[in-house]
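The residues making up each chain are set out below.
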Amino acid sequence: MELKGKKIGFCLTGSFYTFKNTFDEMKKIIKKGGEVIPIMSYYAYNTDSKFGKAKDFVCEIENITGKKVIHSMQEAEYISDYCELDIMIITPCSRKYNRKTCKFNN
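A brief report on the enclosed structure follows.

The rules behind each value
Residues numbered from 1 in each chain as written. Predicted model: local features only at pLDDT ≥ 70, side-chain atom pairs only at ≥ 80, totals over all residues. Heavy atoms only, no water. Helix = DSSP H or I, 4+ residues; strand = E, 2+ residues; numbered from the N terminus. Buried < 20%, exposed > 50% of the residue type's maximum accessible area, 1.4 Å probe, protein only. Contact = heavy atoms within 4.5 Å. Areas by Shrake-Rupley, 256 points an atom, 1.4 Å probe, with all protein chains shown as cover. Pairing = 2+ DSSP bridges. Axes fitted to C-alpha atoms, helices over the stretch in contact; angles between N-to-C directions.

**Things to note about the overall build of the chain**
What the chain contains, in helices and strands, is five helices and three strands. Ordering the α and β elements of the chain from the N terminus gives β-α-β-α-α-α-β-α. Taken across its 106 residues, the chain has 31% of its residues classed as buried. For the chain, contacts bridging at least 24 residues in sequence account for 75% of all contacts bridging at least 6. Roughly 7,500 Å² of accessible area belongs to the chain as shown, and the carbon and sulfur atoms make up 51% of that amount.

Right under this line is the structure:
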């Protein structure tokens with residue numbers, strides 16, 4: 001898929017062990033010309049875990065993307081009202097959750 005010029009919402013939820021792997025994916029998207037809009041759930045943005053401190057993860061994401069992390073409902077409303085995304089990535093997104101929410105399932 002051609003990513004050049006695409007706006008990609010990249011949402012991280014509370015599975016903290018996956019964060020470091022997602023940084024590499026964000027970098028790949030940006031390298032291919034995609035614009036990454038970083039989004040974190042409340043818990044992902046605010047919770048320290050054995051995998052690292054929340055503020056360190058936020059700082060790393062903002063350094064990679066060059067954008068402030070969207071982390072509140074008020075900020076997220078901006079996306080639906082003013083920022084048309086081409087793709088939304090939710091990580092991690094379990095197969096079970098994806099199956100329940102995908103409109104293309106039978």
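There is more to say after this.
**Looking at the sheet that holds strand β2 (residues 35–40)**
Across the sheet, three strands lie side by side as β2-β1-β3; this open sheet has parallel pairing. Across the chains shown, the open sheet's two edge strands, defined by having one partner strand only, are β2 and β3 (87–91). Each strand of the sheet is rotated relative to its neighbour by a mean of 20 degrees, with strand direction disregarded. With five bridges connecting them, strand β1 (residues 7–12) and β3 associate as parallel partners. Within β3, the position partnered with Gly9 by the bridge is Met88. On the sheet, helix α1 (residues 19–31) packs against β1, β2 and β3 and is oriented at approximately 175 degrees with respect to β1.

**Regarding the side chain of Thr22**
By the secondary structure assignment, Thr22 is in helix α1. Judged by its relative accessible area of 5%, Thr22 falls in the buried class. Sequence-distant contacts of Thr22, defined by excluding residues within four places in its chain, comprise Phe10, Leu12 and Thr91.

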